[in-house]
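Fold and geometry: a report
So the chains spell out like this:
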Amino acid sequence: MPRFTKGAIPSPNIWNTPHIYELENRAVDPEGRAEAAMSAIRSWTGATVLDIGCGSGYHLPSLSATAARVIGVEPHEDLVTLARRRCGPLPNVEIHPATAQALPLPDASVDVAIARWAYFFGPGCEPGLAELSRVMRRGGAAFVIDLDATRGAFGRWFGRSVPAAYSVQSVERFWSGQGWQTQRLDLRMVFERRADLEAVLRIEFTPAVADQAVAETPGLELAYPNVLRWRRF
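Below is a short write-up of the structure. Source: prediction; values computed, not measured.

Notes on the environment of Val 214
- Structurally, the position occupied by Val 214 is in helix α10 (residues 207-216).
- Assessed through its relative accessible area of 11%, Val 214 is described here as buried.
- Linking Val 214 and Pro 89, residues 125 residues apart in sequence, is a C-alpha distance of 38 Å.
- Those residues in contact with Val 214 that lie beyond four places of it in its chain are Arg 194, Glu 198, Leu 201 and Arg 202.

In structure tokens form, the structure reads like this:
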């Protein structure tokens with residue numbers, strides 16, 4: 001049995017080191033600004049929610065607290081196992097091994113869809129967005145949360161770690177051309193231990209950039225500028 005679903009694009013940070021990515025999830029956005037921004041646009045209370053690229057299922061329990069049904073899809077089968085273990089006691093949560101471009105859901109079956117740190121690169125996402133349009137119900141909303149590569153030290157480090165072909169401008173044009181709206185999010189990461197902060201920086205960036213990021217970041221906290229992209233259906 002393959003470790004990941006056919007068509008998946010590798011995500012080295014969480015695929016290779018899920019235990020460190022767990023520390024990152026715990027540190028990000030202690031104020032809950034991302035979820036507040038999304039719920040202000042479209043509440044998921046009593047709704048069917050789809051988490052695309054749910055990883056080890058970190059966000060599924062909080063979504064399930066108010067949603068009627070929560071569906072996680074994740075192409076990496078080891079992470080699917082972790083997500084199912086995490087959400088085993090939750091009767092309204094289900095997790096499927098699948099990619100964004102082949103969702104195992106019927107037409108018009110989802111009220112709210114969220115892709116959190118799973119769609120950094122706009123061009124090339126067309127098959128996933130077409131599939132998203134298929135499964136969304138009228139009156140629903142979809143959200144994509146990405147790192148904002150245009151702002152702050154984190155954006156600068158990110159820009160130095162991505163492939164040379166990556167273009168912030170082309171990504172922005174892509175999402176605008178697809179009819180998505182944009183909202184800037186001023187998030188932060190707050191860690192309990194310095195070793196955890198350094199470990200997270202080292203799975204996010206190339207070794208040389210990670211060394212620089214560690215050197216430039218004192219203490220246990222760092223700014224984490226993000227962008228929320230969203231579209232109503």
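Topic: the nonpolar core
- Within the largest apolar cluster, 78 residues are counted, with the highest numbers of intra-cluster contacts made by Leu 50, Phe 143, Phe 154, Met 189, Leu 201, Phe 205 and Leu 228.
- The element contributing the most residues to this core is strand β5 (residues 136-147), with seven residues.
- With near-sequence residues (within four places) excluded, Leu 228 lies in contact with Ala 37, Met 38, Ile 41, Phe 143, Val 144, Ile 145, Gln 181, Thr 182, Gln 183 and Leu 185.

So, the environment of Leu 90
- Note that Leu 90 resides in the loop between α5 (77-87) and β3 (93-97).
- Taking the C-alpha atoms as reference points, Leu 90 and Gln 169, 79 residues apart in sequence, are found 41 Å from one another.
- Contact partners of Leu 90, with chain neighbours within four places excluded, come to Pro 61 and Ser 64.

Considering the pairing of strand β1 (residues 48-52)
- A large share of β1 lies buried, amounting to five of its five residues.
- Neither face of β1 is left uncovered, since the one carrying Thr 48, Leu 50 and Ile 52 and the one carrying Val 49 and Asp 51 both have all their residues buried.
- Bridging between β1 and strand β2 (residues 69-74) involves five bridges; their strand directions are parallel. If you follow Val 49 over to β2, its bridge partner there is Val 70.

Focus on the packing of helix α9 (residues 194-204) against α10
- Packing of α9 against α10 leaves a shortest axis separation of 8 Å and a crossing angle of 150°. As far as their axial angle goes, α10 and α9 are roughly antiparallel. In this structure, α9 meets α10 at a crossing whose hand is right-handed. For the pair α9 and α10, contact is made by Arg 194, Glu 198, Leu 201 and Arg 202 and by Ala 210, Asp 211, Ala 213 and Val 214, respectively.
- The class makeup of the residues in the contact of α9 with α10 is four nonpolar, no polar and four charged.

Concerning the packing of aromatic side chains
- Inspection of every chain in the model, using the stated rule, returns eight aromatic pairs.
- Relative to Tyr 166, the ring of Phe 158 has its centre 5.7 Å away and its plane inclined at 90°; by these criteria the two rings are edge-to-face.
- Taking relative accessible area as the criterion, Phe 158 reaches 9% and is therefore assigned buried.
- Taking relative accessible area as the criterion, Tyr 166 reaches 19% and is therefore assigned buried.
- Ring geometry for Phe 174 versus Trp 175: centroids 5.3 Å apart, planes at 85°, classification edge-to-face.
- The exposure class assigned to Phe 174 is buried, which follows from its relative accessible area of 10%.
- Classification of Trp 175 as buried rests on a relative accessible area of 0%.
- Three or more aromatic residues joined by ring pairs form one cluster here, namely Trp 117, Phe 154, Trp 157, Phe 205 and Tyr 224.

What counts and how
- Residues numbered from 1 in each chain as written.
- Predicted model: local features only at pLDDT ≥ 70, side-chain atom pairs only at ≥ 80, totals over all residues.
- Heavy atoms only, no water.
- Helix = DSSP H or I, 4+ residues; strand = E, 2+ residues; numbered from the N terminus.
- Buried < 20%, exposed > 50% of the residue type's maximum accessible area, 1.4 Å probe, protein only.
- Contact = heavy atoms within 4.5 Å.
- Core = buried A, V, L, I, M, F, W, Y, C linked by side-chain atoms within 4.5 Å.
- Pairing = 2+ DSSP bridges.
- Axes fitted to C-alpha atoms, helices over the stretch in contact; angles between N-to-C directions.
- Parallel < 35°, antiparallel > 145°, perpendicular 65-115°, else oblique.
- Left-handed = near helix turned anticlockwise from the far one by under 90°.
- Nonpolar A, V, L, I, M, F, W, Y, C, P; charged D, E, K, R; others polar.
- Phe/Tyr/Trp six-rings, centres within 6.5 Å; stacked < 30°, edge-to-face > 60°.

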